[in-house]
Amino acid sequence: QQNVQQSPESLIVPEGARTSLNCTFSDSASQYFWWYRQHSGKAPKALMSIFSNGEKEEGRFTIHLNKASLHFSLHIRDSQPSDSALYLCAVSMLSGSFNKLTFGAGTRLAVCP
Amino acid sequence: GGIITQTPKFLIGQEGQKLTLKCQQNFNHDTMYWYRQDSGKGLRLIYYSITENDLQKGDLSEGYDASREKKSSFSLTVTSAQKNEMAVFLCASSIPRTSGNTLYFGEGSRLIVV
């Protein structure tokens, strides 16, 4: 059974800071790695995904994956108050013909102006 | 763009009561999901459906039933509500691909058991 853990549980950073969120997973056969963002009372929305080792950058957000160490991370450059949200990492792998997604418990980020 | 609509936004029921949550999507996606969100525990999969009239149990299906009578709708029934089941229930849909599937979520329905 896939086990996905996130750290830290919560984080408070000043506006403009670089923020790093971490996610570890247990199954080395995992195929896709996601970050979802959920603002309070709103729907979780997919932020970024990656499937091969290395980095992927989209605007202020960078996702880094190291499959050998069963770890991936999200880095936010120049953090803004609008980035304050619950960040959920998720890992997918094929279960039969179904691509099953397992989520972590989330990191709650607060960016203070 | 599409949207996922969950009703009701808040569902208040008594312990032991049978309660139903509804979800509609207009993405024309094949696969739909119900997740339960508890604080500190992330999202846990209750049921999913890969097509109309299909139902598959997730990791947390005990105490729940689901129904997918149309491609666009997926409902979840709590068969006997318990106070420890108070949580947010999230519906999602996707086009499943072997290369990975993006889930599109609704805003959730909060279950309150009194």
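Our structure is the block above this text.
Residues numbered from 1 in each chain as written. Chains lettered and ligands numbered in written order. Predicted model: local features only at pLDDT ≥ 70, side-chain atom pairs only at ≥ 80, totals over all residues. Heavy atoms only, no water.

Draft legend 1. Representation of the sheet that holds strand β1 (residues 4–7) of chain B. All names here are of chain B. The strand order across the open sheet built from four strands is β1-β3-β8-β7, with neighbouring strands paired in antiparallel fashion. The open sheet has two free edges, formed respectively by β1 and β7 (64–70), since each of these has just one partner strand. Geometrically, the sheet is characterised by an average inter-axis angle of 15° between neighbouring strands, direction not taken into account. (Pairing = 2+ DSSP bridges. Helix = DSSP H or I, 4+ residues; strand = E, 2+ residues; numbered from the N terminus. Axes fitted to C-alpha atoms, helices over the stretch in contact; angles between N-to-C directions.)

Draft legend 2. Focus on unusual backbone geometry. Geometrically, the link from S7 of chain A to P8 of chain A is a cis peptide bond, its omega value of -10° lying close to zero. The topology assignment puts P8 of chain A in the loop between β1 (4–7) and β2 (10–14). Here T7 of chain B and P8 of chain B are connected by a cis peptide whose omega angle stands at -10°. With respect to the helices and strands, P8 of chain B occurs in the loop between β1 and β2 (10–13). Of note in this structure, D78 of chain A is not a glycine but carries a positive phi near 55°. Relative to the elements of secondary structure, D78 of chain A occurs in the loop between β8 (71–76) and β9 (85–95). Backbone geometry places N53 of chain B, a non-glycine residue, at a positive phi of 70°. Tracing the chain through its elements places N53 of chain B in the loop between β5 (42–49) and β6 (56–57).

Draft legend 3. Structural detail: the packing of aromatic side chains. Scanning all chains against the criterion turns up 15 aromatic pairs over all chains. Taken together, a centroid distance of 6.2 Å and an interplanar angle of 70° make the contact between F103 of chain A and F105 of chain B edge-to-face. Within this pair, whereas F103 of chain A is found in strand β10 (residues 98–103), its partner F105 of chain B is found in strand β10 (residues 104–105), the two belonging to separate chains. What makes F103 of chain A buried here is its relative accessible area of 6%. Joined through ring pairs, the aromatic side chains of Y32, W34, Y36, F51 and F103 of chain A together with Y33, Y35 and F105 of chain B make up one cluster. (Phe/Tyr/Trp six-rings, centres within 6.5 Å; stacked < 30°, edge-to-face > 60°. Buried < 20%, exposed > 50% of the residue type's maximum accessible area, 1.4 Å probe, protein only.)

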